[in-house]
Amino acid sequence: MGKLILCSGCRANRPYIFTTTDIRIFSMEELCYYIYNYIYIIDEHTFSDSLIDWIGSELKLTERAAKLSWLKKNKADLKTMVTAILCSADYYTEQEIKSLLNSLDRIIGMPAIMRQVVKANSYLKKKLYSEAEKEYMNILALESITDLKPEEYGDLLHNLAVAKVHTAGLSKASEIFLRAYSSNHRLESLLQYLYTIGLSNNRALLMEKLEEYQVDEDSCQRILTYLEQLDIEAQESLDMKKIIHLENLKAMGSYKEYEYRAWELLESWKGKLRN
């Protein structure tokens, strides 16, 4: 889970899987760690009957499971449920728990739409792109979305486009980055729109858009340098694959093909140097 966790209690034979993040946990300490680090996406649904049953049956914490079940039955608030879990192990100090609960107070006190935005941003930060995309789409479908300022609306679109790069590809993301820029007028949204064009290998369109949006010289150079570097890295990656293939040919005793492929690769390198 990204950190070495010392478990003093029982370790489960059967892990509990959080379907939202596809993360598996095996102990109460790991459950505490999960809640602490994913607090922005923790809600009432996190403390499901299946989780409570798992705590009782797999971790052998029957009294703790009974207490959690009683709290849930009596409609305890989110803060109470979180506290009950974090106090079930000695993984976090009292000060760390208080700090987390203060953060939770801020989250709970937010307007509903802003709490959803924080949740979506948290998904995006943790590279849970499908979940982030879904959350941003839900936010953009709300009637209260009209209450946002144009910059705020554009920033939501920008973040949705970042998620879309990973879920739907450059073409769809490019359209949304442009919509984001039309709303928030932020240079970063414009640059990301231009990057998606450049990464789609449409250099002519990129140069046209750089001129159309009157992008300053420094930003133009930044984009073109980055794309050039990506081209170099891609070529180096391809050459490395060819070198590995050569090593495999030699190891298998395919000397004729090895010599031919090696000569071919050397000729391509010499051609680049001459150019």
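See the structure above.
About the cut-offs
Residues numbered from 1 in each chain as written. Predicted model: local features only at pLDDT ≥ 70, side-chain atom pairs only at ≥ 80, totals over all residues. Heavy atoms only, no water. Helix = DSSP H or I, 4+ residues; strand = E, 2+ residues; numbered from the N terminus. Rg over C-alpha atoms; globule rule 2.2 N^0.38 Å. Buried < 20%, exposed > 50% of the residue type's maximum accessible area, 1.4 Å probe, protein only. Contact = heavy atoms within 4.5 Å. Areas by Shrake-Rupley, 256 points an atom, 1.4 Å probe, with all protein chains shown as cover. 1 Å grid on protein atoms, 1.4 Å probe; cavity = no way out; pocket = protein on both sides within 12 Å on 5 of 7 lines; lining within 4 Å. Points joined across faces, edges and corners; volume = space filled by probe spheres on them. Axes fitted to C-alpha atoms, helices over the stretch in contact; angles between N-to-C directions. Parallel < 35°, antiparallel > 145°, perpendicular 65-115°, else oblique. Left-handed = near helix turned anticlockwise from the far one by under 90°. Salt bridge = Lys/Arg side-chain N within 4 Å of Asp/Glu carboxyl O. Core = buried A, V, L, I, M, F, W, Y, C linked by side-chain atoms within 4.5 Å. Expected span 1.5 Å × (residues − 1). Arc of directions from axis to C-beta.

A. View of the overall build of the protein. Looking only at helices and strands, the protein has 13 helices and 2 strands in total. Relative to a compact globule of 275 residues, whose C-alpha radius of gyration would be 19 Å, the protein shows 26 Å and is clearly more extended. When the backbone C-alpha atoms are referred to their principal axes, the protein occupies close to 75 × 60 × 30 Å. Among the 275 residues that make up the protein, the fraction classed as buried is 39%. Long-range contacts, defined as pairs at least 24 residues apart, comprise 51% of the intrachain contacts of the protein with a sequence gap of at least 6. Of the roughly 16,900 Å² that the protein leaves accessible, carbon and sulfur atoms contribute 52%.

B. Inspection of the layout of surface pockets at higher detail. Reported here for the largest pocket is a volume of approximately 280 Å³. Around the largest pocket sit 18 residues that line it, and Thr-19, Thr-20, Ile-41, Thr-46 and Tyr-123 are the ones nearest its centre. Put simply, the parts of the chain that give the lining of the largest pocket at least two residues each are β1 (16-18), α6 (112-125) and α7 (129-140).

C. A look at the packing of α6 against helix α8 (residues 150-167). α8 packs onto α6 with a crossing angle of 30° between their chain directions and a minimal axis gap of 11 Å. Taken together, α6 and α8 sit at an angle that is classed as roughly parallel. As α6 runs across α8, the sense of the crossing is left-handed. For the pair α6 and α8, the contacting residues are Val-117, Asn-121 and Leu-124 in the first and Leu-156, Asn-159, Val-162 and Ala-163 in the second.

D. Molecular detail of the environment of Lys-164. The topology assignment puts Lys-164 in helix α8. By relative accessible area, Lys-164 is classed as buried at 10%. Spatially, the C-alpha atom of Lys-164 lies 10 Å from that of Glu-175, the residues being 11 residues apart in sequence.

E. How the structure looks around the pattern of salt bridges. Within this structure, the stated rule accounts for 10 salt bridges. Between Asp-105 and Lys-79 there is a salt bridge, and its shortest N-O distance comes to 2.9 Å. Highlighted residues: Asp-105 in helix α5 (residues 94-108) and Lys-79 in helix α4 (residues 78-86), separated in sequence by 26 residues.

F. Region of interest: the nonpolar core. Core analysis: the largest hydrophobic core is formed by 73 residues, its most contacted members being Leu-31, Phe-47, Ile-55, Val-82 and Ile-85. The contact partners of Val-82, leaving out residues within four places of it in the chain, are Ile-35, Ile-42, Phe-47, Leu-100, Leu-101 and Leu-104.

G. Geometry of unusual backbone geometry. One non-glycine residue, Lys-60, lies in positive phi territory at about 60°. Relative to the helices and strands, Lys-60 is located in the loop between α2 (49-57) and α3 (62-73). Backbone geometry places Lys-127, a non-glycine residue, at a positive phi of 65°. Locating Lys-127 in the fold gives a position in the loop between α6 and α7. Since its relative accessible area comes to 60%, Lys-127 is described here as exposed.

H. Representation of α5 in the model. Taking 1.5 Å of rise per residue, 15 residues should cover 21 Å, and α5 covers 21 Å from first to last C-alpha, within 8% of that figure. Along α5, the residues classified as buried are Ile-97, Leu-100, Leu-101, Ser-103, Leu-104 and Ile-107. What you see down the axis of α5 is that its buried residues fit within an arc of 155°, all on one side. Residues of α5 that are exposed and point over 90 degrees away from its buried face: Glu-94, Gln-95 and Arg-106.

Just geometry here; none of it tells us what the structure is for.
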